[in-house]
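# Close look at the chain arrangement
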Amino acid sequence: MTITLVNPEGLPEVGVYHQVSVASGSKLVFLAGQVSVDADGTTLGEGDLAAQTERCYLNVATALAGAGATFADVAKLTVYVVDWAPEKMPLLLDGIARASAALGTAITPPGTLLGVAALASPAHLVEVEAVAVLD
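Let us look at the structure shown here.

What counts and how
By convention here, each chain's residues receive numbers from 1 onward along its written sequence. With pLDDT at 70 or above as the cut-off, local features in this predicted model cover only qualifying residues; side-chain atom pairs require 80 or more to be listed or tallied, and sums for whole chains, interfaces and linings still use all residues. Side-chain measures were taken over the full set of non-hydrogen atoms in the model, leaving aside hydrogen atoms and water. Pairing between two strands requires that DSSP report at least two bridges joining them. The helix count covers DSSP runs of H or I at least four residues long, the strand count covers runs of E at least two residues long, and both are numbered beginning at the N terminus. Think of it like this: strands point away, you trace from the first strand over the helix to the second, and a clockwise trace means the crossover is right-handed. To sort residues, take the accessible area from a 1.4 Å probe on protein chains only and compare it with the maximum for the residue type: under 20% means buried, over 50% means exposed, and anything in between is partly exposed. Using only the protein atoms, space was sampled on a 1 Å grid; points where a 1.4 Å probe fits but cannot get out form cavities, open sets with protein on both sides within 12 Å along at least five of seven lines form pockets, and lining residues are those with an atom within 4 Å of a point. Grid points are joined across faces, edges and corners, and a volume is the space filled by probe spheres set on the points. Between two residues, a contact is recorded if the distance between any of their heavy atoms is within 4.5 Å. Helix axes are fitted to C-alpha atoms over the stretch in contact, other axes to C-alpha atoms as well, and angles between N-to-C directions run from 0 to 180 degrees. A carboxyl oxygen of Asp or Glu within 4 Å of a side-chain nitrogen of Lys or Arg is what we treat as a salt bridge.

A separate point is the pairing of strand S5 (residues 111-116). Where strand S4 (residues 74-82) and S5 come together, six bridges link them in parallel fashion. Considered in S5, the bridge of Leu-77 is made with Gly-111. Considered for its hand, the β-α-β crossover made up of S4, helix H2 (residues 89-103) and S5 is right-handed.

With that out of the way, let us pick up the environment of Ala-120. As for its placement among the helices and strands, Ala-120 is situated in the loop between S5 and strand S6 (126-134). For Ala-120, a relative accessible area of 85% gives the class exposed. Each C-alpha atom of the pair Ala-120 and Val-35 lies 9.6 Å from the other, and the pair is 85 residues apart in sequence.

Turning our attention to the layout of surface pockets. To find leftover empty space, one rolls a probe the size of a water molecule over the atoms. Estimates place the volume of the largest pocket at around 250 Å³. Every residue lining the largest pocket is counted, 16 residues in all, and those nearest its centre are Val-16, Tyr-17, Tyr-57, Val-79 and Ile-96. Counting residues per element, the ones that place at least two in the lining of the largest pocket are S4, H2 and S5. For the lining of the largest pocket, the element with the most residues is H2, which contributes four residues.

Relative to the helices and strands, Val-81 is located in strand S4. Since its relative accessible area comes to 1%, Val-81 is described here as buried. In this structure the C-alpha to C-alpha distance between Val-81 and Ala-102, which are 21 residues apart in sequence, comes to 22 Å. Setting aside residues up to four positions removed in sequence, Val-81 forms contacts with Leu-49, Leu-92, Leu-113, Leu-114, Gly-115, Val-116, Leu-125 and Val-126.

Pairing within the open sheet is mixed, and its four strands lie in the order S3-S6-S4-S5. Looking at strand neighbours, the two that pair on one side only are strand S3 (27-30) and S5, the edges of this open sheet. Pairwise comparison of adjacent strand axes, ignoring direction, gives a mean angle of 10° for this sheet.

With that out of the way, let us pick up the pattern of salt bridges. For the structure on display, the rule yields two salt bridges. Put simply, Arg-98 and Asp-94 hold a salt bridge, and the shortest N to O gap is 3.0 Å. Highlighted residues: Arg-98 and Asp-94, both in helix H2, separated by four residues, approximately one helical turn. Connected through salt bridges with shared partners, the residues Glu-54, Asp-94 and Arg-98 form a single ionic network.

Right, let's talk about unusual backbone geometry for a bit. The backbone of Asp-83 shows a phi angle near 50°, a positive value even though the residue is not glycine. Within the secondary structure, Asp-83 sits in the loop between S4 and H2.

Now the structure itself:
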């Protein structure tokens with residue numbers, strides 16, 4: 001395994017992600033931000049943060065597979081949410097949980113959540129990008 005996820009002593013265990021990932025591989029994979037679209041570019045889950053989050057993570061999984069990777073190879077995620085407020089956290093976590101269930105894996109690499117004013121399309125509420133490491 002090229003990625004080891006760690007919660008160092010002295011930092012809180014958050015539960016939905018790990019604080020640190022240690023990469024031992026040599027091939028870096030950088031994914032463009034994935035939004036809630038299908039293969040034809042049609043926006044899915046319009047107005048539904050949980051549904052769009054789920055689709056973003058499924059699109060990340062598809063992009064990873066295209067590079068020969070899985071979520072087990074992800075060293076870092078960055079999540080951008082339009083007009084972020086803490087009250088949106090349950091919807092975001094629901095979408096992640098649904099994607100995890102669909103993929104049959106826990107998605108817990110270190111991550112950064114950023115609130116943004118807008119994304120490229122007004123219909124998109126969330127965007128997820130990833131960095132993975134392979135041997």
